[in-house]
Amino acid sequence: MKGPFHTIALLAAVLFSSCNPAGHDPYEGYVFDLTVELDYGGDYASFVRAGVDLRAEDVNLGYAYLRSTDGEGRAHFRLPAGLYRISASDRDGEDVFNATTDRYSLVSSGQKLVLKMKHSRAGSLVIKEIYSGGCRKAPAEGNYQADQYVIIHNNDLQTRYLDSLCFGTLHPYNATASNPFLVRDAEGNDRLPDFVPIADAVWQFGGDGHTFPLQPGEDAVLCIRGAIDHAASYPLSVNLNRKGYFVMYDANLFPNKDYNPVPGSEIEQDHILHCLTKTNPSINATMISMASPTAVLYRAKGVTMQEYIASEGAIVPIPGSTNGSKVLACPPEWVLDAVEVFTASSSTNVKRLLDELDAGYVFLSAVYDSRVVARKRDEKASEEAGYEVLADSNNSSEDFVELEKQSLRE
């Protein structure tokens, strides 16, 4: 995006050009050249692609600068000194490539950065919408947050099944929190672990493999908190007591009735997800972060989830935890879709998801304001397919937008 800086810089360039000796750069020492090269690696090491979009975002000021690769697969930036989050996203058919480096320090001209692109495949089941931040109780006073949900969408041309699918969020809950799973590599860079740390519990859809079909373009609503009619009391909320909706509910493990009330009369018993294990003993309600959640869809491969949970190394302690909290170490290749949300009010957001799962992030600008983050519709693909197809580059910066109200609100 363009901000005041761009206008100021342009005016300053005009002024300096009229009063400085020819050949003198008035920005010397303040604005530097940066070359970014994309390395696809592995089976795709020979890829040299022009026209791939890169984004450099000033972490502290929020200004974003866009460039595209040239015929040699490089992008050239001229940027003010600072800390940058630099990302690239590319797609070749169903093959998706993404890379991000967080808090890259630009301090001199001639710096070169190699982004190692991570390969993944476009998903079939994807997260369409996340509502986490709650709403106002208007016309009553106060705020409300017991109505979180996500919407799952079948983005494929084939029928897909929700059976045995798992949903979770990551530790840490918030993008602004210290991440105990970040490790410092030999080059002095912070790296995420080679597993996905699923927080709190393992929640799984039931079924025998063909119980819960989702047709191409169809949605499924998963209630994280309160499968009841919240809108009956708070009009800016939503009615989550609807036939076909699913819910994360276990009164024995999560007994807080304010956030996890008994599901409403329209919720079928087999639409209540199973909590296979609880890994955080200190919480009494299901939840995701209000301001900066992650959402992950995953499914075990080669074993059942129950077998994996019982295996060595599947449940690992959170470094530094004082209450015995642990996480599920989910293999990245089990992840069908994942979304990273940053809080727009902070400059200290740090990514929690691996690049191959989500190379970007989408901002949520406010809580208690009914806002959601939602995946964009791919108009051309939808027209060709005859059903709703959503953007899916495994980069939330490209795929998602913030909307001012819940799509489920009447």
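The rules behind these values
- Residues numbered from 1 in each chain as written.
- Predicted model: local features only at pLDDT ≥ 70, side-chain atom pairs only at ≥ 80, totals over all residues.
- Heavy atoms only, no water.
- Helix = DSSP H or I, 4+ residues; strand = E, 2+ residues; numbered from the N terminus.
- Rg over C-alpha atoms; globule rule 2.2 N^0.38 Å.
- Buried < 20%, exposed > 50% of the residue type's maximum accessible area, 1.4 Å probe, protein only.
- Contact = heavy atoms within 4.5 Å.
- 1 Å grid on protein atoms, 1.4 Å probe; cavity = no way out; pocket = protein on both sides within 12 Å on 5 of 7 lines; lining within 4 Å.
- Points joined across faces, edges and corners; volume = space filled by probe spheres on them.
- Nonpolar A, V, L, I, M, F, W, Y, C, P; charged D, E, K, R; others polar.
- Salt bridge = Lys/Arg side-chain N within 4 Å of Asp/Glu carboxyl O.
- Pairing = 2+ DSSP bridges.
- Axes fitted to C-alpha atoms, helices over the stretch in contact; angles between N-to-C directions.
- pLDDT = per-residue confidence, 0-100.
- Core = buried A, V, L, I, M, F, W, Y, C linked by side-chain atoms within 4.5 Å.
- Polar contact = N/O pair within 3.5 Å; in protein donor to acceptor, adjacent residues only side chain to side chain.

1. What to know about the overall build of the protein
At step 1: A tally of regular secondary structure across the protein gives four helices and 29 strands.
At step 2: Relative to a compact globule of 410 residues, whose C-alpha radius of gyration would be 22 Å, the protein shows 23 Å and is just as compact.
At step 3: Dimensions of the protein, computed from C-alpha atoms along their principal axes, come out at roughly 80 × 55 × 55 Å.
At step 4: By the burial criterion, 51% of the 410 residues in the protein qualify as buried.
At step 5: Partitioning the contacts of the protein with sequence separation of at least 6, the portion at a separation of at least 24 is 72%.

2. Some thoughts on the layout of surface pockets
At step 1: For the largest pocket, the calculated volume is near 800 Å³.
At step 2: Thr100, Thr101, Asp102, Asp190 and Arg191 are, among the 23 residues lining the largest pocket, the residues nearest its centre.
At step 3: At the level of secondary structure, the elements contributing two or more residues to the lining of the largest pocket comprise strand S6 (95-106), strand S7 (111-116) and strand S16 (190-191).
At step 4: Top contributing element to the lining of the largest pocket by residue count: S6, with six residues.
At step 5: Per-class residue counts for the lining of the largest pocket are ten nonpolar, four polar and nine charged.

3. A word on the pattern of salt bridges
Pairing between side chains becomes possible if they bear opposite charge and their charged atoms approach one another.
At step 1: Applying the stated criterion across every chain yields a total of 22 salt bridges.
At step 2: Close ionic contact of lysine 128 with glutamate 388 constitutes a salt bridge, the shortest N to O distance being 2.9 Å. With lysine 128 in strand S9 (residues 125-131) and glutamate 388 in the loop between helix H3 (379-385) and helix H4 (396-399), the pair connects residues that are 260 residues apart, well separated along the chain.
At step 3: By relative accessible area, which is 15% here, lysine 128 ends up buried.
At step 4: Linked through salt bridges whose partners overlap, the residues forming this network are Lys128, Asp219, Arg377, Glu379 and Glu388.

4. What about the sheet that holds strand S4 (residues 74-80)?
At step 1: Ordered by their spatial adjacency, three strands build an open sheet running S4-S1-S7, and the pairing between neighbours is mixed. Every interior strand has two partners, whereas the edge strands, S4 and S7, have only one. Mean inter-strand twist for the sheet, computed between neighbouring axes without regard to direction, equals 30°.
At step 2: Bridge analysis of strand S1 (residues 31-39) against S7 gives six bridges, and the strand direction is parallel. Directly across from threonine 35, in S7, lies its bridge partner lysine 112.

5. So, empty space enclosed by the protein
At step 1: On inspection of all chains with the given rule, the structure shows two cavities of 30 Å³ or more.
At step 2: Lining the largest cavity are 14 residues, with Ala199, Asp200, Trp203, Met248 and Met287 positioned closest to its centre.
At step 3: At the level of secondary structure, the elements contributing two or more residues to the lining of the largest cavity comprise strand S14 (166-168) and strand S18 (201-204).
At step 4: Volume-wise, the second largest cavity comes out at about 40 Å³.
At step 5: Forming the walls of the second largest cavity are Leu170, Leu192, Pro193, Phe195, Val196, Pro197, Arg352, Leu353, Leu354 and Leu357.
At step 6: Class assignment for the residues of the lining of the second largest cavity results in nine nonpolar, no polar and one charged.

6. A look at the confidence of the model for the protein
At step 1: Averaged over the protein, the pLDDT score is 90; the fraction of residues at 70 or greater is 92%.
At step 2: Confidence over residues 1-20 falls short of pLDDT 50; this stretch has 16 contacts with residues more than four positions distant or in other chains.

7. Let's talk about the nonpolar core
At step 1: Counting residues in each nonpolar core, the largest one holds 33 residues, and the members touching the most others are Ile130, Leu162, Phe167, Phe205, Leu222 and Phe246.
At step 2: In terms of residue count, the dominant contributor to this core is S9 (three residues).
At step 3: For phenylalanine 246, the contacting residues outside a window of four places in its chain are Leu162, Phe205, Phe212, Ala220, Val221, Leu222, Cys223, His271 and Leu273.
At step 4: Phe195, Val202, Leu353 and Leu354 belong to the second largest nonpolar core, which has 26 residues in total.

8. What about the side chain of arginine 371?
At step 1: Tracing the backbone shows arginine 371 in the loop between strand S27 (362-364) and strand S28 (372-375).
At step 2: For arginine 371, the side chain forms a polar contact with the side chain of aspartate 369, separated by 2.8 Å.
At step 3: Looking at arginine 371, its side chain comes within polar contact range of the side chain of glutamate 402, at 3.2 Å.
At step 4: What arginine 371 contacts, discounting residues up to four positions off in sequence, is Tyr131, Leu364, Ser365, Ala366, Glu402, Leu403 and Glu404.

9. Details of the side chain of asparagine 154
At step 1: With respect to the helices and strands, the residue asparagine 154 is situated in strand S12 (residues 149-154).
At step 2: Classification of asparagine 154 as buried rests on a relative accessible area of 0%.
At step 3: Only 2.7 Å separates the side chain of asparagine 154 from the backbone oxygen of leucine 214, close enough to count as a polar contact.
At step 4: Leaving out residues up to four positions away in the same chain, asparagine 154 has contacts with Ser124, Leu125, Thr159, Arg160, Leu214, Gln215, Pro216, Gly217 and Glu218.

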